[in-house]
Amino acid sequence: MTESFPRLHARTRRFTLGVPRNFTISPDGGRVIFLRTRSGTDPVTCLWELDVASGAERLVVDPLALGAADEDLPPEERARRERSRESAGGVVGYATDREVRQAVFALSGDLYLTDLASGESRRLPAAGPVIDPRLDATGARVAYVTGGALHVLEIATGADTALAEPEGDLVTYGLAEFVAAEEMDRMRGYWWSPSGDRLLVSRVDESPVALWHIADPANPGRQPVPQRYPAAGTANAEVTLHVIGLDGARTAVPFEQEYLVTAAWDAHGLAIVTLSRDQRTMRLLSVDPGTGETALLREDTDPAWVDIVTGVPARLSDGTLVWVADSDGGHRLVVGDKPVTPPSLQVRAVLDVDGDTVLFSANGDPSEVHLWTYSAGTISPVTTEPGVHSGRRAGGVTLVARQSLDTEGTTVTIGSVSVKSLAERPGLEPRVSLVRAGSRELSTAVLLPSWHVPGSGPLPVLMDPYGGPHGQRVLSARRVFLESQWWAEQGFAVVVADGRGTPGRGPAFEREMLHDFTISLQDQVDALQGVAALHPGDLDLSRVAIRGWSFGGYLAALAVLRRPDVFHAAVAGAPVTDWRLYDTCYTERYLGHPDEGHYERSSLLGDAEKLERPLLLIHGLADDNVVAAHTLRLSSALLAAGRPHTVLPLSGVTHMTPQEVVAENLLLLQLDFLKKSLNITG
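Residues numbered from 1 in each chain as written. Predicted model: local features only at pLDDT ≥ 70, side-chain atom pairs only at ≥ 80, totals over all residues. Heavy atoms only, no water.

J.: Can you tell me about the packing of aromatic side chains, naming the residues and giving the values?
T.: The final tally for this structure, using the stated rule, is 23 aromatic pairs. When the ring of W305 is compared with that of Y590, the centres are 4.9 Å apart and the planes differ by 85°; the resulting orientation is edge-to-face. Of this pair, W305 sits in the loop between β24 (294–301) and β25 (314–315) while Y590 sits in helix α8 (residues 584–591); the two residues are 285 residues apart in sequence, bridging distant segments of the chain. Grouping residues by exposure puts W305 and Y590 together as buried. With centroids separated by 5.9 Å and ring planes inclined at 45°, the aromatic side chains of Y466 and F551 adopt a geometry described as tilted. Of this pair, Y466 sits in the loop between β39 (459–463) and α4 (482–489) while F551 sits in helix α7 (residues 551–562), and the two are 85 residues apart along the sequence. The exposure class of Y466 is partly exposed, given its relative accessible area of 22%. Pairwise contacts between aromatic rings join W305, Y466, F517, F551, Y554, W579, Y582, Y586 and Y590 into one cluster. The ring of W48 has R36 lying over it, and the distance from NZ or CZ to the ring centre is 4.2 Å. One residue, R505, lies across the ring of F509, its end atom 4.4 Å from the ring centre. (Phe/Tyr/Trp six-rings, centres within 6.5 Å; stacked < 30°, edge-to-face > 60°. Helix = DSSP H or I, 4+ residues; strand = E, 2+ residues; numbered from the N terminus. Buried < 20%, exposed > 50% of the residue type's maximum accessible area, 1.4 Å probe, protein only. Lys NZ or Arg CZ within 6 Å of the ring centre and 35° of its normal.)

J.: Could you give an account of the packing of helix α6 (residues 519–534) against α7, naming the residues involved and the relevant values?
T.: Axis angle and axis distance: for two packed helices, these are the angle between their axes and the distance between the axes, and together they describe the pair. Contact geometry of α6 with α7 gives a least axis separation of 10 Å together with a crossing angle of 75°. Our classification of the angle between α6 and α7 gives roughly perpendicular. Taking contact as the criterion, the partners of S520, L521 and Q524 in α6 are, on α7, F551, L555, L558, A559 and R562. Each residue belonging to the contact of α6 with α7 can be placed in one class, and the counts come to 5 nonpolar, 2 polar and 1 charged. (Axes fitted to C-alpha atoms, helices over the stretch in contact; angles between N-to-C directions. Parallel < 35°, antiparallel > 145°, perpendicular 65-115°, else oblique. Contact = heavy atoms within 4.5 Å. Nonpolar A, V, L, I, M, F, W, Y, C, P; charged D, E, K, R; others polar.)

J.: Lay out the pattern of salt bridges with the relevant residues and their values.
T.: Going through the model one piece at a time under the given rule, you end up with 46 salt bridges. Here R7 makes a salt bridge to E664, at a shortest N to O gap of 3.0 Å. One end of the pair, R7, is in helix α1 (residues 5–11); the other, E664, is in helix α10 (residues 660–677), and 657 residues separate them in sequence. Owing to a relative accessible area of 25%, R7 belongs among the partly exposed residues under this scheme. E600 serves as the salt-bridge partner of R580, at 3.0 Å between the closest nitrogen and oxygen. In this pair, R580 is assigned in the loop between β42 (569–573) and α8 and E600 in the loop between α8 and β43 (615–620), connecting sequence segments 20 residues apart. (Salt bridge = Lys/Arg side-chain N within 4 Å of Asp/Glu carboxyl O.)

J.: Go over the nonpolar core with me, naming the residues and quoting the values.
T.: Ranked by internal contacts, the top residues of the largest apolar core, which has 91 residues, are W323, L333, F360, F517, F567, W579 and L615. Broken down by element, the residue count for this core peaks at 9 residues, all from α7. Aside from chain neighbours lying at most four places away, what touches L615 is A557, V560, A570, A572, L638, H645, T646 and F673. Counting residues in each nonpolar core, the second largest holds 30 residues, with L482, A569, F673 and L674 among its members. (Core = buried A, V, L, I, M, F, W, Y, C linked by side-chain atoms within 4.5 Å.)

J.: Which residues make up unusual backbone geometry, and what values do they have?
T.: Note that the residue after V312, namely P313, is joined by a cis bond; omega there is 10°. One non-glycine residue, D132, adopts positive backbone phi at about 50°. Note that D132 resides in strand β10 (residues 131–135). A residue is classified by how much of its surface remains accessible, and D132, at 8% relative accessible area, is buried.

J.: Describe α4, and please don't skip the residues or the numbers.
T.: Of all the 8 residues making up α4, 7 are buried; the element is thus mostly covered by neighbouring parts of the structure. Within α4, the full set of buried residues consists of L482, E483, S484, Q485, W486, W487 and A488. Its buried side turned inward, α4 meets α1, β38 (442–447), β39, β40 (493–498), β41 (539–549) and α10. Where α4 ends, the next residue or the one after it, G491, has phi of about 110°, a positive value.

Written as structure tokens, this is what we have:
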């Protein structure tokens, strides 16, 4: 019997299992190391190697062969995976030496070293459960974190040294704090020097951060899990930096601003990027590792906020700085002190610097992301076929990963050689029409049932947005719309719209959300009306539902509370209902400090008495990102106002809802709720 889409969608972790990822190209361009599960339903990730000349693949590390079938992860690793939205198991991360001859990784808290040529793996002795192991460039030593302490292990002798040990229970060395991992995409807390003789290490003191508890009401015998959560307007963790030698000698690296964004240590020296608490000023500082003294290399400012861009700072072979900054209305690649891309090309990330060639991703049309190179003063397109592209480059070789509307899944190529994808086929084909809708010409996707004949009769409408800043849904890629197409097959006209705040249309478009999240609702209404005009007779505007998760959940609840004239039912998953309960870095970037007075307008709690439409609230009780208090407070306010609503609590479920049965049945329960709410039969 063929599995239903909801079951397959859940088993395949949204069709991500079996897809190759996390690529490393050897310096000579001859080999590619990558991660992939052995099938589209296998959740155990393995380490593989591809020979570029022959196209032959080789399984290097199979966790099952190492006896690591059942994962026993330390709490810090579980937290890291939640922050990175990692839903698979096995080898979910690895690090190599400079020549890509060896790799290290953690399995069930144990430390492993693999010789990539022979494929031989061995477990190395470690002082405790291992977090984030990384080889030095020479491959002679591996650093790792255990129990909040940073250790260095000499591979040849097995000698293990604790270079930095926590001074208390709330101090860690070498790990990223919550907001760095959740909001700044910094998943690490230490960096090796190029020679392997010392490290730059972050020290995190969480004692100033408010203590919260994540309880498990379904199991009252279990102790609540304590969590230090920096809610908007409250104290962040104190982060300091130190250069630590292999002998334990320590040199402080002072910096003034609140946030450490990233660090880079290469042959041209050590540099750090810091960001002010209001996120309007970003500094790039060079660091003298011997003295800890810093010097300002550049400072970027913006009256709203300065964007954090992946991949910078970077350097050309002669040390010339590679950066991304806003100017003349665009996110632009900067080499030295000169923007080298036009304002119309929105740079997304710097992916690699190979000698004097910079590989970066950028877009003109916001629904497509392409690869470009900069070299010798010239920018050149690497990809031209429609789709969403990412890639890597080393040794003169460029790897391209592509998703598109005309192909299933992800295709990965290096020249004429392909890396196999083992992902499952979804069993349905998205019928996506990408349009510009409404007065603002918002990027919008429209999906109709495969059996629907345009003009044959109006369909109930399902708005299916994320809608929040820096979160884009309308992309030229099939996998993005698989779930939306399933909803269409249930009899809905599905509309997915990216409003103001979403990336791809330049800084001004993104910054319109400053101090007011509710403009996202205006844009959903605008897109709906625009799509109805483009598809006369196909949308039944008397039966419009909206669903979403996280910010999308907030937007769904906001829609039925403030625009019941447009929206007739909503499913709000893990919604932020009171922005004072969400974290500092994200919330203050857009709404400022709570004392500035911009929070009430975007809060849902004051609108409880306005509810007159069916609302289903869904929340994982183990969610440590958008905590369950958001849904519980809104539910209490609705009860106090006498407004009927439905709450579905998910015991033991986090923000990701990774559990297979939960993920499957969530789709089915939402469908049942919306059909009943909109009086849909059949």
